[in-house]
Amino acid sequence: LNFTTSKELRGNREALLRAAASPIAIPGSQAPVYTIRDVSVLPGGHLEVVAYSMAGEPWTDILPSDALLEHMAARLVAHHGRARHVYMDFPGHDVPTPRKWHMPLANFVPRPPFGGDE
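Quick caveat, the model's predicted, so the values are computed rather than measured.

Criteria and cut-off values
- Residues numbered from 1 in each chain as written.
- Predicted model: local features only at pLDDT ≥ 70, side-chain atom pairs only at ≥ 80, totals over all residues.
- Heavy atoms only, no water.
- Helix = DSSP H or I, 4+ residues; strand = E, 2+ residues; numbered from the N terminus.
- Contact = heavy atoms within 4.5 Å.
- Areas by Shrake-Rupley, 256 points an atom, 1.4 Å probe, with all protein chains shown as cover.
- Expected span 1.5 Å × (residues − 1).
- Buried < 20%, exposed > 50% of the residue type's maximum accessible area, 1.4 Å probe, protein only.
- Arc of directions from axis to C-beta.
- Polar contact = N/O pair within 3.5 Å; in protein donor to acceptor, adjacent residues only side chain to side chain.
- Core = buried A, V, L, I, M, F, W, Y, C linked by side-chain atoms within 4.5 Å.
- pLDDT = per-residue confidence, 0-100.
- Phe/Tyr/Trp six-rings, centres within 6.5 Å; stacked < 30°, edge-to-face > 60°.
- Lys NZ or Arg CZ within 6 Å of the ring centre and 35° of its normal.

### A word on the overall build of the chain
Inference 1: Across its full length, the chain holds three helices and four strands.
Inference 2: Overall, the chain shows an N-to-C arrangement of helices and strands of α-α-β-β-β-α-β.
Inference 3: A separation of at least 24 residues holds for 53% of the contacts in the chain among residues at least 6 apart in sequence.
Inference 4: Carbon and sulfur atoms form 54% of the exposed surface of the chain, whose accessible area is close to 8,100 Å².

### A few points about helix α3 (residues 69–80)
Inference 1: In this model, α3 (12 residues) spans 16 Å end to end at C-alpha, consistent with the 16 Å of a helix rising 1.5 Å per residue.
Inference 2: Along α3, the residues that are buried comprise Leu-69, Glu-70, Met-72, Ala-73, Leu-76 and Val-77. One side of α3 holds all its buried residues, which, seen down the axis, span an arc of 155°.
Inference 3: Residues of α3 that are buried in the fold lie against α2 (13–20), β1 (33–41), β2 (47–52), β3 (58–63) and β4 (87–89).
Inference 4: Phi for Gly-81, located one or two positions after α3, is positive at around 90°.

### Structural notes on the side chain of Asp-61
Inference 1: Within the element layout of this structure, Asp-61 appears in strand β3.
Inference 2: Here the side chain of Asp-61 touches Arg-75 through a polar contact of 2.8 Å, side chain to side chain.
Inference 3: Residues within four places of Asp-61 in sequence aside, it is in contact with Leu-47, Glu-48, Val-49 and Arg-75.

### Observations concerning the environment of Pro-27
Inference 1: Along the chain, the position of Pro-27 falls in the loop between α2 and β1.
Inference 2: The spatial distance from the C-alpha of Pro-27 to the C-alpha of Val-95 is 9.0 Å, given a sequence separation of 68 residues.
Inference 3: Residue contacts for Pro-27: discarding those within four places in its chain leaves Tyr-87, Thr-97 and Pro-98.

### A short note on the nonpolar core
Inference 1: Among the nonpolar cores identified, the biggest contains 23 residues, and Ile-36, Leu-76, Met-88, Phe-90 and Leu-105 are the most heavily contacted of them.
Inference 2: Going through the elements one at a time, β1, β2 and α3 are the ones with two or more residues in this core.
Inference 3: If sequence neighbours within four positions are ignored, Phe-90 has contacts with Ile-36, Val-39, Leu-69, Pro-96, Leu-105 and Phe-108.

### A closer look at the confidence of the model for the chain
Inference 1: Residue-level pLDDT values for the chain average 86, and 83% of them are 70 or greater.
Inference 2: When pLDDT is averaged over each element of the chain, β3 comes out on top at 97 and helix α1 (residues 6–11) at the bottom at 56.

### Considerations on the packing of aromatic side chains
Inference 1: Throughout the structure, instances matching the rule amount to one aromatic pair.
Inference 2: Of note, Arg-37 hangs over the ring of Tyr-52, and the distance from its end group to the ring centre comes to 4.1 Å.

As structure tokens, this is what we get:
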């Protein structure tokens, strides 16, 4: 078992509060699901993201190169218009939880296969 001391929790207080306020859905909660199949780097470094609703409807957005998962989730919440949280399904990755709010969206850009053009 891995027990966390109160000192460690105080040190992570900001991260915990940020996770609690995140627009990323908590596992088991009711929230829309978006599959993010297409993340690409545009000239200039911005990220173009295509998210698909459960009905298969695509929605495209462009985010800065330093965007975090919480930024993508906030844009999806705004796009949805009625939700406060969303699930983001990145094929080939685990579904992010609120604790992953700080992960760079660029981590989800598909890499060329080994031996591919670089």
